[in-house]
Amino acid sequence: MGQKKDLTGSEKSKIVRYLAEGCSSLKIAKLLKRDHRTIKRFIQNSQQGRKKRVEKPRRKITAHELRKVKRAAAKMPLATSLAIFQSCNITGVPKSTRCAILRDMAKVRKAERRPPLNKTHKLKRQDWAKKYLKTDFSKVLWTDEMRVSLDGPDGWARGWIGKGQRAPVPLRRQQGGGGVLVWAGIIKGELVGPFRVEDGVKLNSQSYCQFLEDTFFKQWYRKKSASFKKNMIFMQDNAPSHASKYSTAWLARKGLKEEKLMTWPPCSPDLNPIENLWSIIKCEIYKEGKQYTSLNSVWEAVVAAARNVDGEQIKTLTESMDGRLLSVLAKKGGYIGR
């Protein structure tokens, strides 16, 4: 009767039955032909059962500590409850208690994606809406860049924000960093591009103009009729490479100047319909948590997703401009829903 492997479920059941019949551990070992020590160990472990959990006394929070927590929450927007309490040197407080305390003085928020608008921003947005209220938007080419990464947007985790405070705006680099930079435009029901900015190229005024020359002008604009070129209005945002004197003068030499180059209000991605196109494309390429192993693979996904966007979807976006202008005027220059 040498020592064997662990007891099987069947053997354990038999041990329980033999014990109920009054058999000793030695007799059970002989009946099952198992080592006596194995049988004794199983019986002892079964009799011990689970240890009763000892409840630790909960940490009481003083009024002075509450004031410290409130100050820390104000200084550390989007921090976790643990980080806030640790910064106050308050330990031994369960998470449920920490959250219950913070709910009286703060709330869980995500970082805001859009910077807050000041009075000047709102006035300029209203002036822009009034200026273009009678514009035929079917003749406007809406353009923008989008950066895509291998892993998709991080979404910024939620965190505690003191009551009355605004969530901080994360740093979002429009140019530079990893990923693929994509440029595209939409006009009426047509998609222009997308075109890929060469990897490693930082878009300054010179490289931006050269990029437009190699892609937009040579591959699309030059094929259009003279009447189309005469009526088309070119829209771009106020990125430094777009709004510089060099870029403005270069576009003017291409015939895109004065009324043919749309002025753009500050902090206004919500007024550009191509932002909605970017959302459609990103939802498609990152659906179900999709990730990519190379920049070429994510670029191919962008091209495929763009091809799946039909003309009616694009037309719906460009035809939404009249409503957007009315909304921004109704909200006195405030942000509108997209």
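All figures in this text were calculated on a predicted structure; none of them were measured in a lab.

How each quantity is defined
Residues numbered from 1 in each chain as written. Predicted model: local features only at pLDDT ≥ 70, side-chain atom pairs only at ≥ 80, totals over all residues. Heavy atoms only, no water. Helix = DSSP H or I, 4+ residues; strand = E, 2+ residues; numbered from the N terminus. Buried < 20%, exposed > 50% of the residue type's maximum accessible area, 1.4 Å probe, protein only. Contact = heavy atoms within 4.5 Å. Pairing = 2+ DSSP bridges. Axes fitted to C-alpha atoms, helices over the stretch in contact; angles between N-to-C directions. Salt bridge = Lys/Arg side-chain N within 4 Å of Asp/Glu carboxyl O. Polar contact = N/O pair within 3.5 Å; in protein donor to acceptor, adjacent residues only side chain to side chain. Expected span 1.5 Å × (residues − 1). Phe/Tyr/Trp six-rings, centres within 6.5 Å; stacked < 30°, edge-to-face > 60°. Lys NZ or Arg CZ within 6 Å of the ring centre and 35° of its normal. Parallel < 35°, antiparallel > 145°, perpendicular 65-115°, else oblique. Left-handed = near helix turned anticlockwise from the far one by under 90°. Nonpolar A, V, L, I, M, F, W, Y, C, P; charged D, E, K, R; others polar. Lys, Arg positive; Asp, Glu negative; His and termini not counted. pLDDT = per-residue confidence, 0-100.

> How should I be thinking about the overall build of the chain in this particular structure?
Counting its secondary structure elements, the chain contains 15 helices and six strands. For the chain, the residues scored as buried account for 41% of the 338 residues in total. Restricting to contacts in the chain with at least 6 residues of sequence separation, those with at least 24 account for 79%.

> Would you mind going over the sheet that holds strand β4 (residues 180-187) with me for this structure?
Strands in a sheet are paired, the pairing made by backbone hydrogen bonds, and the direction either parallel or antiparallel. The strand order across the open sheet built from four strands is β5-β4-β2-β6, with neighbouring strands paired in mixed fashion. Every interior strand has two partners, whereas the edge strands, β5 (190-196) and β6 (233-235), have only one. Neighbour to neighbour, the strand axes of the sheet diverge by 20° on average, direction disregarded. Across the sheet, helix α14 (residues 311-318) is in contact with β2 (140-148), β4 and β5; its angle to β4 comes to roughly 80°.

> Whenever I open this one, the pattern of salt bridges confuses me. Can you help?
Within the structure shown, the criterion is met by 10 salt bridges. Where Glu 284 meets Lys 287, a salt bridge forms, and the shortest distance between an N and an O atom there is 3.2 Å. Taking relative accessible area as the criterion, Glu 284 reaches 34% and is therefore assigned partly exposed. A salt bridge links Glu 319 to Lys 315, with the shortest nitrogen-to-oxygen separation between them at 4.0 Å.

> What's the story with the side chain of Ser 268 in this structure? I'm lost.
Relative to the elements of secondary structure, Ser 268 occurs in the loop between α11 (245-253) and α12 (274-285). A polar contact of 3.4 Å, which involves the side chain of Ser 268, links it to the backbone oxygen of Pro 265.

> Honestly, helix α13 (residues 295-307) in this entry has me stumped. Any pointers?
Counting along an α-helix, one turn takes 3.6 residues, and residues three or four places apart therefore face a common direction. With 13 residues, α13 ought to run about 18 Å at 1.5 Å a step, and its terminal C-alpha atoms sit 19 Å apart, in line with that. Turning to α13, its buried residues number three or more, namely Ser 297, Val 298, Trp 299, Ala 301, Val 302, Val 303, Ala 305 and Ala 306. Along its buried surface, α13 packs onto β2, β4, β5 and α12.

> Just to check I follow, could you spell out the packing of aromatic side chains for this structure?
For any pair of aromatic rings, the description consists of the separation of the ring centres together with the inter-plane angle of the planes. Tallied over the full model, the rule gives 15 aromatic pairs. Ring geometry for Trp 220 against Phe 228: centres 5.6 Å apart, planes inclined by 75°, an arrangement best described as edge-to-face. Exposure remark for Trp 220: the relative accessible area of 8% places this residue in the buried category. A residue is classified by how much of its surface remains accessible, and Phe 228, at 24% relative accessible area, is partly exposed. Taking 6.3 Å as the distance between ring centres and 70° as the angle between the ring planes, the aromatic pair formed by Tyr 286 and Tyr 292 counts as edge-to-face. Of the residues examined, Tyr 286 reaches a relative accessible area of 12% and is grouped as buried. Arg 17 extends its terminal NZ or CZ atom over the ring of Tyr 18, reaching a point 5.5 Å from the ring centre.

> Whenever I open this one, the packing of helix α7 (residues 119-131) against helix α15 (residues 321-330) confuses me. Can you help?
Geometry of a packed helix pair, given as the angle between the helix axes and the separation of the axes. At a minimum axis separation of 9 Å, α7 and α15 run at an interaxial angle of 140°. As far as their axial angle goes, α15 and α7 are oblique. Classified by chirality, the crossing of α15 by α7 is left-handed. For the pair α7 and α15, contact is made by Arg 125, Gln 126, Trp 128, Ala 129 and Lys 130 and by Met 321, Leu 325, Val 328 and Leu 329, respectively. Taken together, the residues of the contact of α7 with α15 break down into six nonpolar, one polar and two charged.

> Hey, could you run me through the side chain of Glu 145 in this one?
Considering the arrangement of structural elements, one finds Glu 145 in strand β2. No salt bridge is formed by the buried Glu 145; the nearest opposite charge belongs to Arg 147, separated by 9.3 Å. Within the local environment of Glu 145, its side chain forms a polar contact with the side chain of His 242, the two groups lying 2.8 Å apart.

> Looking at this structure, how should I read the confidence of the model for the chain?
Should pLDDT be low for a region, the predicted coordinates there are not to be read in detail. With 88% of its residues at a pLDDT of 70 or more, the chain shows a mean pLDDT of 87. Of the regions scoring below 50 in pLDDT, residues 171-177 engages in 13 contacts with residues more than four places distant in sequence or in other chains.

> What is the right way to read the pairing of β4 from this model?
Two faces, one strand: in a regular strand the side chains alternate between the faces of the sheet. Here β4 lies mainly inside the structure; eight of its eight residues are buried. Residues Val 180, Val 182, Ala 184 and Ile 186 line one face of β4 and the alternating positions Leu 181, Trp 183, Gly 185 and Ile 187 line the opposite face, and both faces are buried. Looking at chain direction, β2 and β4 are connected through seven bridges and run antiparallel. Following the sheet pairing, Trp 142 is matched in β4 by Ile 186. Pairing analysis gives five bridges linking β4 to β5, with the strands arranged antiparallel. When the sheet's bridge partners are listed, Gly 185 is paired in β5 with Val 192. The antiparallel hairpin formed by β4 and β5 contains two residues in its connecting segment, where Lys 188 sits at a positive phi of about 55°.

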